[in-house]
Amino acid sequence: MSDQCPCCSGLQYSLCCQPFLSGAAHAKTPEKLMRSRYSAWATQNADYLLDTWHPSCNTQDARASMEASFSSTQWLSLNVISHEAGRHEKEGFVTFFAAYLENQRRGAIHERSRFLREGERWYYIDGTLPQTGRNDACPCGSGKKYKKCCAS
């Protein structure tokens, strides 16, 4: 039996993201790729992160800064808010909220990520920051209004 998956799916790591991070399988949906990329950040797997960025992003120069951030960052939680198809079958979107500690300071990423499929593989291409109104539900998944939770 293995530990729970870092992606907060509730599944065991061996049954969730581990096959993707080990190279035994490729994520079949944008959501699974996004979850496995979160797990790669949590387990400090730079090779997987670079391999799952779309080739057009030319991310090899990102390795040094990515690896430098690993020692000071602890990933705490992931909340997948939504996942949608794109304008065609080779595009998909996943909106998520990820909490972390960096140098003992709490932080979060709230992003609508865009994924593209080439052949049978999905790749992360880019992301935008969704706007959250003060009275909207907090994207962290707490059930509170944004103004009473992460906005404060």
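Just above sits the structure.
Quick look at the structure, then. This one's a predicted model, so the numbers in the text were calculated from it and none came from an experiment.

Criteria and thresholds
Residues numbered from 1 in each chain as written. Predicted model: local features only at pLDDT ≥ 70, side-chain atom pairs only at ≥ 80, totals over all residues. Heavy atoms only, no water. Phe/Tyr/Trp six-rings, centres within 6.5 Å; stacked < 30°, edge-to-face > 60°. Helix = DSSP H or I, 4+ residues; strand = E, 2+ residues; numbered from the N terminus. Buried < 20%, exposed > 50% of the residue type's maximum accessible area, 1.4 Å probe, protein only. Lys NZ or Arg CZ within 6 Å of the ring centre and 35° of its normal. Pairing = 2+ DSSP bridges. Axes fitted to C-alpha atoms, helices over the stretch in contact; angles between N-to-C directions. Contact = heavy atoms within 4.5 Å. Core = buried A, V, L, I, M, F, W, Y, C linked by side-chain atoms within 4.5 Å.

Attention now moves to the packing of aromatic side chains. Under the definition given, this model contains 6 aromatic pairs. Considering the side-chain rings of Tyr38 and Trp75, the 5.7 Å spacing of their centres and the 75° angle between planes classify their relative orientation as edge-to-face. In this pair, Tyr38 is assigned in helix α2 (residues 30-42) and Trp75 in strand β1 (residues 73-85), connecting sequence segments 37 residues apart. Each member of the pair, Tyr38 as well as Trp75, is classed as buried. Over the face of the ring belonging to Trp53 we find Arg37, whose NZ or CZ atom lies 4.7 Å from the ring centre. Directly above the aromatic system of Phe93 lies the positively charged group of Arg112, at a separation of 3.9 Å from the ring centroid.

With antiparallel pairing, the 4 strands of this open sheet are ordered in space as β1-β2-β3-β4. At either end of the open sheet lies a strand with only one pairing partner, and these are β1 and β4 (121-128). Pairwise comparison of adjacent strand axes, ignoring direction, gives a mean angle of 30° for this sheet. When strand β2 (residues 91-102) meets strand β3 (residues 105-118), the two strands line up antiparallel, connected through 12 bridges. From the neighbouring strand, Phe96 faces β3, where its bridge partner is Glu111. Sheet strands in contact with α2 are β1, β2, β3 and β4, and its direction is about 170° off that of β1.

Another aspect to go through is the nonpolar core. Within the largest apolar cluster, 28 residues are counted, with the highest numbers of intra-cluster contacts made by Cys7, Met34, Met66, Leu78 and Phe115. Looking at this core, the elements with two or more residues in it are α1 (18-21), α2, α3 (46-51), α4 (63-70), β1, β2 and β4. When residues no more than four places from it in sequence are discounted, the contact partners of Met66 are Trp41, Ala46, Leu49, Leu50 and Trp53.

Any functional reading would require information that these geometric values do not contain.
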